[in-house]
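Summary of the model geometry
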Amino acid sequence: MGWVLDFLKGKWLKHPLHPALVHIPIAAWIGAAFCDFLNRKNIGGNVLVQLSYFAILVGVLVAVPTLITGIADFLEIKREKPAWKIGLAHGILNLIATGIFAYNLPLRWHTFRTAPMTLDLEWKLSLAGAILILVSSYLGGYIVYQHGIGVARFSKKEWKELARQGHANLPPEKKKK
Amino acid sequence: MKELFQGKPFRHPVHTWLVHFPIGLFMLSFALDLYTWFRDFSSTVVEAAYYSMAVGVVMALVAAVFGLVDYLDIRRDHPGKATATWHMLINIVVILLYLVNTYARAEHVDEMKTPLPLFLMSLAGVSLISLSGYLGGRMVYDEGISVGRHRRTIATPSRTIHVNTTEKSNARGKEGKIAYYFVAPAERLEKKQILRVAIGGYVAMIAKLGEEIYAVQDFCTHRSGPLSEGQVCEGQVQCPWHNSRFDLKTGKVTQGPAKVELKTFPVRVKENEIQLGIEADESQE
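Source: prediction; values computed, not measured. (Residues numbered from 1 in each chain as written. Chains lettered and ligands numbered in written order. Predicted model: local features only at pLDDT ≥ 70, side-chain atom pairs only at ≥ 80, totals over all residues. Heavy atoms only, no water.)

1. Considerations on the overall build of chain A
A tally of regular secondary structure across chain A gives 7 helices and 0 strands. When its helices and strands are written in sequence order, chain A yields α-α-α-α-α-α-α. Rg of the C-alpha trace for chain A: 20 Å, well past the compact-globule value of 16 Å for 177 residues, more than 25% over. A principal-axis box enclosing the C-alpha atoms of chain A has dimensions of 65 × 30 × 30 Å. Out of the 177 residues belonging to chain A, those deemed buried represent 54%. (Helix = DSSP H or I, 4+ residues; strand = E, 2+ residues; numbered from the N terminus. Rg over C-alpha atoms; globule rule 2.2 N^0.38 Å. Buried < 20%, exposed > 50% of the residue type's maximum accessible area, 1.4 Å probe, protein only.)

2. Section: the packing of helix α4 (residues 46-74) of chain A against helix α5 (residues 82-108) of chain A
Residues and elements named next belong to chain A. Between α4 and α5, the shortest axis-to-axis distance is 9 Å and the interhelical angle comes to 150°. Comparing their axes, α5 and α4 come out roughly antiparallel. Regarding α4 and α5, the two cross each other, and that crossing is left-handed. In this structure, α4 uses Ser-52, Tyr-53, Ile-56, Leu-57, Val-60, Ala-63, Leu-67 and Phe-74 to contact α5, whose residues at the interface are Trp-84, Gly-87, Leu-88, Leu-95, Thr-98, Phe-101, Ala-102, Asn-104, Leu-105 and Arg-108. Residue composition of the contact of α4 with α5, grouped by class: 13 nonpolar, 4 polar and 1 charged. (Axes fitted to C-alpha atoms, helices over the stretch in contact; angles between N-to-C directions. Parallel < 35°, antiparallel > 145°, perpendicular 65-115°, else oblique. Left-handed = near helix turned anticlockwise from the far one by under 90°. Contact = heavy atoms within 4.5 Å. Nonpolar A, V, L, I, M, F, W, Y, C, P; charged D, E, K, R; others polar.)

3. Here's the deal with a positive patch on the surface
A surface patch of positive charge is lined by Lys-78, Lys-81 and Lys-156 of chain A together with Lys-259 of chain B. Among the structural elements, Lys-156 of chain A can be located in helix α7 (residues 156-165). (Patch = residues over 30% accessible without salt bridge, like charges linked within 9 Å, V, L, I, M, F, W, Y side chains within 5 Å. Areas by Shrake-Rupley, 256 points an atom, 1.4 Å probe, with all protein chains shown as cover. Salt bridge = Lys/Arg side-chain N within 4 Å of Asp/Glu carboxyl O. Lys, Arg positive; Asp, Glu negative; His and termini not counted. Charge placed at Lys NZ, Arg CZ, Asp CG, Glu CD.)

4. A short note on the interface of chain B and chain A
Interfaces are often sized by the amount of accessible area the parts lose when they come together. The interface of chain B with chain A comprises 59 residues on the first partner and 52 residues on the second. Buried surface at the junction of chain B and chain A, both sides included, amounts to about 4,600 Å², of which 67% is carbon and sulfur. Of all residues in chain B, His-20, Tyr-141 and Arg-223 of chain B bury the most surface against chain A, accounting for 16% of the area lost on that side. Across the contact surface, chain B and chain A share 1 salt bridge. Measuring nitrogen to oxygen at the nearest pair gives 3.9 Å for the salt bridge that ties Asp-142 of chain B to Lys-14 of chain A. One can count 16 residue pairs in polar contact (both at pLDDT 80 or more) joining chain B with chain A. (Buried area = accessible area lost by both parts, 1.4 Å probe. Polar contact = N/O pair within 3.5 Å; in protein donor to acceptor, adjacent residues only side chain to side chain.)

5. Digging into the pairing of strand β11 (residues 267-270) of chain B
Residue and element names in this part refer to chain B. One ladder, built from 4 bridges, connects β11 with strand β12 (residues 273-279); its direction is antiparallel. Across the sheet, residue Lys-270 finds its bridge partner in β12, namely Glu-273. Hairpin connection, β11 to β12: the antiparallel pair is bridged by 2 residues, and Glu-271 has positive phi, about 50°. (Pairing = 2+ DSSP bridges.)

6. Structural notes on the environment of Asp-73 of chain A
Residue and element names in this part refer to chain A. By secondary structure assignment, the location of Asp-73 is in helix α4. Judged by its relative accessible area of 11%, Asp-73 is buried. As a C-alpha pair, Asp-73 and Glu-173 span 100 residues in sequence and 23 Å in three-dimensional space. Residues within four places of Asp-73 in sequence aside, it is in contact with Lys-9, Pro-16, His-18, Pro-19 and Arg-153.

7. So, the sheet that holds β12 of chain B
All names here are of chain B. Strand order across the open sheet formed by 4 strands is β2-β3-β12-β11, with antiparallel pairing between neighbours. Here the strands that pair on one side only, and so sit at the sheet edges, are β2 (171-175) and β11. The mean inter-strand angle of the sheet, taken between neighbouring strand axes irrespective of direction, is 35°. Summarising the sheet, strand β3 (residues 178-185) and β12 pair through 7 bridges and their orientation is antiparallel. Looking at β12, one finds that Ile-178 is bridged to Glu-279.

8. A short note on the nonpolar core
One finds Trp-29, Leu-51, Ile-56 and Ile-133 of chain A together with Leu-28 and Leu-32 of chain B to be the most contacted residues of the largest nonpolar core, which totals 33 residues. Listed by contribution, the elements that provide at least two residues to this core are α3 (23-40), α4 and α5 of chain A together with α3 (20-38) and α4 (43-72) of chain B. Per element, the largest residue contribution to this core is 12 residues, and it comes from α4 of chain A. Each residue touching Ile-56 of chain A, except ones within four places of it in the same chain, is listed here: Trp-29, Ala-32, Phe-101, Asn-104, Leu-105 and Arg-108 of chain A. Membership of the second largest hydrophobic core comes to 25 residues, among which are Val-144 and Val-151 of chain A together with Val-232 and Ala-258 of chain B. (Core = buried A, V, L, I, M, F, W, Y, C linked by side-chain atoms within 4.5 Å.)

9. A short note on the sheet that holds strand β5 (residues 202-209) of chain B
All names here are of chain B. Taking strand neighbours across the sheet as the criterion, the 4 strands line up as β1-β4-β5-β6 in an open arrangement whose pairing is mixed. In the strand order of this sheet, the two ends are held by β1 (160-163) and β6 (212-217), each with one partner. Neighbour-to-neighbour, the strand axes of the sheet open up by a mean angle of 30°, direction not taken into account. Direction of pairing for strand β4 (residues 194-199) relative to β5: antiparallel, over a ladder of 6 bridges. Residue pairing across strands places Ile-194 opposite Ala-207, the latter belonging to β5.

10. Comments concerning the side chain of Ser-146 of chain B
With respect to the helices and strands, the residue Ser-146 of chain B is situated in the loop between α6 (116-141) and β1. Discounting chain neighbours no more than four positions away, the residues touching Ser-146 of chain B are Tyr-145 of chain A together with Pro-13 of chain B.

11. A word on the pattern of salt bridges
Evaluation of the coordinates by the stated rule reveals 20 salt bridges over all chains. Its salt-bridge partner being Asp-36 of chain A, residue Arg-108 of chain A comes within 2.8 Å of it at the nearest N-O pair. On the criterion of sequence distance, the pair formed by Arg-108 of chain A in helix α5 and Asp-36 of chain A in helix α3 is long-range, its members being 72 residues apart. As far as the burial class goes, Arg-108 of chain A and Asp-36 of chain A line up, both buried. The residue Asp-142 of chain B makes a salt bridge to Arg-138 of chain B at a minimum N-O spacing of 2.6 Å. Relative accessible area serves as the criterion here: at 3%, Asp-142 of chain B is assigned to the buried category.

12. A short note on the state of the cysteines
Residue and element names in this part refer to chain B. Summed over all chains, the structure comprises 0 disulfides over all chains. With no disulfide of its own, Cys-233 lies closest to Cys-239 among cysteine sulfurs, the gap being 14 Å. Here Cys-233 falls in the partly exposed class, since its relative accessible area comes to 39%. (Disulfide = S-S within 2.5 Å.)

Have a look at this one:
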């Protein structure tokens, strides 16, 4: 089980997977909402309807590994840390947003190839989803830049070596489990 | 003004938020290009790929400005500086590539497939941006660059001061077992508040709070983060990475996750100079 989690956390890449994958749903879904916004104002027409559809689709497809890697990262956070609650909220918001966008796809399936404009319900859904994503992605960034989750996770050895060369007091040796 | 660029009010660097858009939109555009080669859809998808790319370019240019401000803030000898330089250079190539790609595409949006040269350019583009994005991630997660930066009210040290203890002109006398050395003129600390100093094999940070001056080891005892890039207040220093706090006078941990106390160094301001002391017989050089 351990090696599965290690894989999902990006140990093999020396780079956490989840923060890399999130770029696609974030840009795609916010982009889709923006396309919907424009075409509702009669700008762009069917091109933007199709772009919006494909953007949502690509976002939903990538959201699946994003979610799985996110859970793997979340399991690393200790319960008592403030980042745990933030991570939980972040995950729940993302699940809801993913659900909204996934639901949006079959709604649009029959019409997106020719429709000149996104329908009212579809637009409201993508707007709601995009707002959720904006909030949840901010929380995601907060977890990293405010609480340092994932920072120096794979580079502990290198930094410890620098500290050792600087004759500093070192972190205690961790006993191998 | 610089603080706004660095995202200080938002508690999040702006560059690292903006980059989601060029990365995601360029990837989306490539996916659409790919789609036009495998399915006979309509020229609409070719046009959609064009728009996705065009917006990506605009966002990339904006992100680049913020990225440059961030880049200039990295300490000259930070272990992550080389990665940052490569990241920047590759991204410049990416932006140029996409500018050409977008411009060239504008005339072909009526076609059923994205023309092959442009498709290959997209392939090159997403490959390069995956590489530069990877480096960007290494900068944050491996090197801790910009992590916790928004909490700091003082400038990042732009370089490390190297004090040569074998150079006689740097010696400033002994007090018992402690040998003092000249670090910098006193006014350096007035402006900067934190100095990073390499001396006798040690790396220390010197901080001034009000009238008091302190020196402790630069490396946090949790994961060795740079305390000289942390926040100082109320006689404590806080690591920018995971928020461990230490008393500046004693080096003791006042808040975890760190568990080991910091090494402290005697430091004084004498005759308008900042002088740092290391144990005379323990100089590691």
